[in-house]
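Residue-level structure breakdown
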Amino acid sequence: MNEQARAVLRTNDRGGYTVPTARLYPFQWNWDSAFVAMGFATFDPSRAWDELDHLIKGQWEDGLIPQIIFHAESDDYFPGPEVWGIERSPKTTGITQPPVAATAARFLFERDGDRGRLSRVYPGLLAYHRWFRAARDPQGTGLVATLHPWETGMDNSPAWDGPMSRVPTSTTTVIRRRDTGHIDPAMRPRAEDYQRFIHLVDTYREAGWEPSRMWEVAPFKVADVGTNAILLRAERDLLALAEVVGSPAERVEIAGRIAGLEKGIASLWRPELGQFAGRDLISGEALAVGSSAGFLPLFAGAATPGQVVEMAGVLKRWSQLVEVLVPSTAPDAVQFEPLRYWRGPVWAVVNWMIAEGFADAGDAETAALIRGQTRGMIEKSGFVEYFDPRDGAGAGGATFSWTAAIWLLLA
Ligand code: DGY
């Protein structure tokens, strides 16, 4: 299995960057790449740093590291560069994704101690975190906003149903989906979801991808618990790296953002769920749907001991309803759909983060349970994109880079 996992990463390597999987996702994706870098670090440290270098090649002057970097051309994916309408080289999208990159950089550095490689990526990572604060928390609330469900990485999570219902289904772009030609449509977002996804892309393209204009016109603006937790974890990891290659002023700056995020995430605890949940920043309402993202503050070290116990209890309850933890949507929620992308399936990368969080919080038993089930589902179904929580059967795309990377991290 270890050999096969390495082969998946090698096969998806396009020369310094890795595609999530051939055809369905033929470019470099932001958070996929960070997990892939950690996977490579287990057997080829230099290649691991290349992955982060290529990610930073797509960075904008204002610090944004985009969701997708279109290093090469492909007809296999919609919406491609022509829909985003961004004239850059390499071409990119104009939104971001959960910022795992600094966490990956720390992981790499702690393994090989390569200060030179670290020094090359550190300025880009610092600029990226500054961008989050400036572009996505202009009022300094402590929580960053996501302006498109694609930025959360959890595209069609039921958490977005309420906020997305306000987004019109009209588009100026003609929708020509490719994903449903590669994958069973029952495992993908619905047509109406895509109309709204593309309405948002049209809106921001018309705003010139300028952060303050996007902020003003955004019909979708949520404080996603997953993104904020991953960012808090990444800020802590960046602070550790700043001890090595940063300045005292940078350390003070990063510590300030950490304090803001800690306060913001604490306000997202939902006692009725026994979990954290995001907030709709337009209506002010809590996005109170149980989800795998609701455990991610553990990964950020942002849960109190009592909250850790409560969340372990929620998982125990879920484990009576499904065979494999952690379903992306609470299995007792009416919105739970075990095979539809982020509405139910289990994702190995999310499991890895949750297990790390429980372990760091001192709950080794829950961590071991999640890690064991993650290995079990991959052994059973291979390096697929996501898994059916009822039996661990494979779903979505095959030979997936980040699932192979997680296998290597758990090995
Ligand atoms: C997709 O196109 O399905 C991706 O999730 C966007 O990042």
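Everything numeric in this text was worked out from a predicted model, so none of it was measured.

**Brief notes about the pattern of salt bridges**
The full count for this structure, using the stated rule, is 33 salt bridges. Note that Glu61 is salt-bridged to Arg88, the shortest N-O span being 3.0 Å. Here Glu61, found in the loop between helix H3 (45–57) and strand E2 (68–70), pairs with Arg88, found in the loop between helix H4 (81–84) and strand E3 (91–92); they are 27 residues apart in sequence, far enough to count as distant. Taking the relative accessible area as the measure of exposure, Arg88 reaches 23% and is therefore partly exposed. With a closest N to O distance of 3.5 Å, Glu272 and Arg270 form a salt bridge. Look at Glu272 and you get exposed, because its relative accessible area is 57%. Overlapping salt bridges, with partners in common, bring together Arg106, Glu110, Arg233, Asp237 and Asp360 in one network.

**Some thoughts on the packing of helix H6 (residues 115–136) against helix H12 (residues 225–245)**
Where H6 meets H12, the closest approach of the two axes is 10 Å, and the angle between their N-to-C directions is 140 degrees. Classified by the angle between their axes, H6 and H12 sit oblique to one another. For the pair H6 and H12, the crossing hand works out as left-handed. Each of Arg115, Leu118, Ser119, Tyr122, Leu125, Leu126, His129 and Phe132 in H6 lies in contact with H12, whose residues at this interface are Thr227, Leu231, Ala234, Glu235, Leu238, Leu241, Ala242, Val244 and Val245. Grouping the constituent residues of the contact of H6 with H12 by class yields twelve nonpolar, three polar and two charged.

**Description of the side chain of His148**
Within the secondary structure layout, His148 lies in the loop between H6 and helix H7 (149–152). Engagement of the side chain of His148 in a polar contact is seen with the backbone oxygen of Phe197, the distance being 2.9 Å. Among all residues touching His148, those that are not within four sequence positions of it are Ile95, Phe197, Leu200, Val201 and Phe220.

**Structural notes on unusual backbone geometry**
For the bond running from Phe78 to Pro79, omega is 0 degrees, close enough to zero to count as cis. Tracing the chain through its elements places Pro79 in the loop between E2 and H4. A cis amide bond, omega 0 degrees, links Leu325 with the succeeding residue Val326. When you line up the elements, Val326 lands in the loop between helix H14 (305–319) and helix H15 (348–360). At Tyr341, a residue that is not glycine, the phi angle is positive and equals roughly 55 degrees. Considering the arrangement of structural elements, one finds Tyr341 in the loop between H14 and H15.

**Thoughts on the packing of aromatic side chains**
Counted by the stated rule, this structure contains 32 aromatic pairs. Ring geometry for Tyr341 and Tyr386: centres 5.6 Å apart, planes at 70 degrees, overall edge-to-face. In this pair, Tyr341 sits in the loop between H14 and H15 while Tyr386 sits in strand E8 (residues 386–387), placing the two residues 45 residues apart along the sequence. For Tyr341, a relative accessible area of 5% corresponds to the buried category. On the accessibility criterion, Tyr386 (0% relative accessible area) is buried. Through a chain of ring-to-ring contacts, the aromatic side chains of Trp31, Phe35, Phe299, Tyr341, Trp342, Trp347, Trp352, Tyr386 and Trp402 assemble into a single cluster. Across from the ring centre of Phe43, 5.8 Å away, lies the NZ or CZ of Arg6, which sits over that ring. For Arg188, the ring lying beneath its charged end belongs to Tyr341, and the centroid distance is 4.4 Å.

**Comments concerning the site of the ligand**
In the region of the ligand, the neighbouring residues are Tyr25, Trp29, Gln67, Tyr77, Gln97, Trp150, Asp155, Arg188, Tyr194 and Tyr341. Contacts to the ligand include Tyr25, whose side-chain N or O atom sits 3.1 Å from an oxygen atom. Tyr341 is positioned such that a nitrogen or oxygen atom in its side chain is 3.0 Å from an oxygen atom of the ligand. Using a 2 Å cut-off from the grid points, one finds that the ligand occupies the largest cavity. Class assignment for the residues of the shell around the ligand results in six nonpolar, two polar and two charged.

**Some words on the environment of Leu143**
Here Leu143 shows up in the loop between H6 and H7. Measuring from C-alpha to C-alpha, the distance between Leu143 and Leu9 comes to 34 Å, with 134 residues separating the pair along the chain. Excluding anything up to four places from it in sequence, Leu143 contacts Arg136, Asp137, Ala223, Asn228, Gly264, Ile265, Ser267, Leu268 and Arg279.

**Observations regarding the sheet that holds strand E1 (residues 28–29)**
On the basis of which strands lie adjacent, the open sheet formed by three strands has the order E1-E2-E3 and antiparallel pairing. In this open sheet, the two edge strands, each paired with only one partner strand, are E1 and E3. Pairing of E1 with E2 involves two bridges; the strand directions are antiparallel. Residue pairing across strands places Gln28 opposite Ile69, the latter belonging to E2.

**Section: the layout of surface pockets**
The space that makes up the largest pocket amounts to roughly 320 Å³. In this structure, the largest pocket is lined by 18 residues; those nearest its centre are Ser74, Asp75, Gly80, Pro81 and Glu82. Tallying contributions element by element places H4 first for the lining of the largest pocket, with three residues. For the lining of the largest pocket, the per-class residue count stands at eight nonpolar, four polar and six charged.

Conventions adopted
Residues numbered from 1 in each chain as written. Predicted model: local features only at pLDDT ≥ 70, side-chain atom pairs only at ≥ 80, totals over all residues. Heavy atoms only, no water. Salt bridge = Lys/Arg side-chain N within 4 Å of Asp/Glu carboxyl O. Helix = DSSP H or I, 4+ residues; strand = E, 2+ residues; numbered from the N terminus. Buried < 20%, exposed > 50% of the residue type's maximum accessible area, 1.4 Å probe, protein only. Axes fitted to C-alpha atoms, helices over the stretch in contact; angles between N-to-C directions. Parallel < 35°, antiparallel > 145°, perpendicular 65-115°, else oblique. Left-handed = near helix turned anticlockwise from the far one by under 90°. Contact = heavy atoms within 4.5 Å. Nonpolar A, V, L, I, M, F, W, Y, C, P; charged D, E, K, R; others polar. Polar contact = N/O pair within 3.5 Å; in protein donor to acceptor, adjacent residues only side chain to side chain. Phe/Tyr/Trp six-rings, centres within 6.5 Å; stacked < 30°, edge-to-face > 60°. Lys NZ or Arg CZ within 6 Å of the ring centre and 35° of its normal. Near = heavy atom within 4 Å. 1 Å grid on protein atoms, 1.4 Å probe; cavity = no way out; pocket = protein on both sides within 12 Å on 5 of 7 lines; lining within 4 Å. Sits in = over half its atoms within 2 Å of the grid points. Pairing = 2+ DSSP bridges. Points joined across faces, edges and corners; volume = space filled by probe spheres on them.

All quantities given are derived from atomic positions and should not be read as evidence of function.
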